[in-house]
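A look at the structure
The residues making up each chain are set out below.
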Amino acid sequence: MLKVQEIRELIKLVDQSSIDEFVYEIDGSKIKMKKNGTVTVASMQPITPATAPAAVQTIPVAAVTPAAPAVEVKQEAPKVETPTEGDTTNLHKITSPMVGTFYASPTPDSDAYVKVGSNVSKDSIVCIVEAMKLFNEIEAEVNGEIVEVLVKNGQLVEYGQPLFLVKP
C-alpha cells in the first residue's frame, strides 16, 4: 500500500508532466490518474471466484473545481479588511497538497483551527484535507495573519487550490 506522501508525489509528477493518464499497480492496489476531465480513484484486490473488485469512484473534475472561491464568514470573526484584486500580490497562499475534502476543524463540534484575523506560525495547523479516508493536517508554512478563508467546510478541493490567504 502506498503512503500518502508517495501518492502526493505521484500526483505532483503527473500534474507537471505531459502525460494524460497514469496507472500504478502494486500488491493488488491500483491507482489511476487522468488529466482529461475525470479523476478516478480505485482500490482493487486480487480477483478470486469468491470475491469481486472493490468499488471504483469517478468524480468529474468540474465537481472538484469550484467556479469561484467561497468565503467562510463567522459572526464572531473580527473585522479585517479583505484584500482587493491588486492587494493579493504580497499575500501568501496556503494551497491544498492533494485532492480531498476540506475540514476547518478536527471534529464537527470543535472550533475551527483558524479564522480570519488568526495569527499563525510556520508549523500551525490550519485545516485538514481528507483523502481516501486519511485525514491530513495542513500547516501554514509561513508566519503571519489569516486574511481570507477561500473554501467552505466540507467542500471538495483539488491539488494546488488556494485554501487561505496569509499576510506575512
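For the structure given in this document, a descriptive report is provided here. Keep in mind that what you see is a predicted model, and the values were worked out from it rather than measured. (Residues numbered from 1 in each chain as written. Predicted model: local features only at pLDDT ≥ 70, side-chain atom pairs only at ≥ 80, totals over all residues. Heavy atoms only, no water.)

1. What to know about the sheet that holds strand 6 (residues 100-103)
Definition in use: For two strands to be treated as a pair, DSSP must find no fewer than two bridges joining them. The numbering of helices and of strands both runs from the N terminus, where a helix is a DSSP run of H or I of at least 4 residues and a strand a run of E of at least 2.
Sheet architecture is open: four strands sit in the order 9-8-6-11, paired in antiparallel fashion. Looking at the sheet topology across the chains shown, the edges are occupied by strand 9 (134-139) and strand 11 (156-157). Here three bridges tie strand 6 to strand 8 (residues 125-131), and the two strands are oriented antiparallel to one another. Within the sheet, the bridge partner assigned to T101 lies in strand 8 and is E130.

2. Quick word on the sheet that holds strand 10 (residues 144-149)
One open sheet holds the four strands; their spatial order is 5-12-10-7, and the pairing between them is antiparallel. Looking at which strands have only one partner, the edges of the open sheet turn out to be strand 5 (92-95) and strand 7 (119-120). Where strand 5 and strand 12 (residues 162-167) come together, four bridges link them in antiparallel fashion. Across the sheet, residue I94 finds its bridge partner in strand 12, namely F164.

Function cannot be read off these values alone, since they describe shape.
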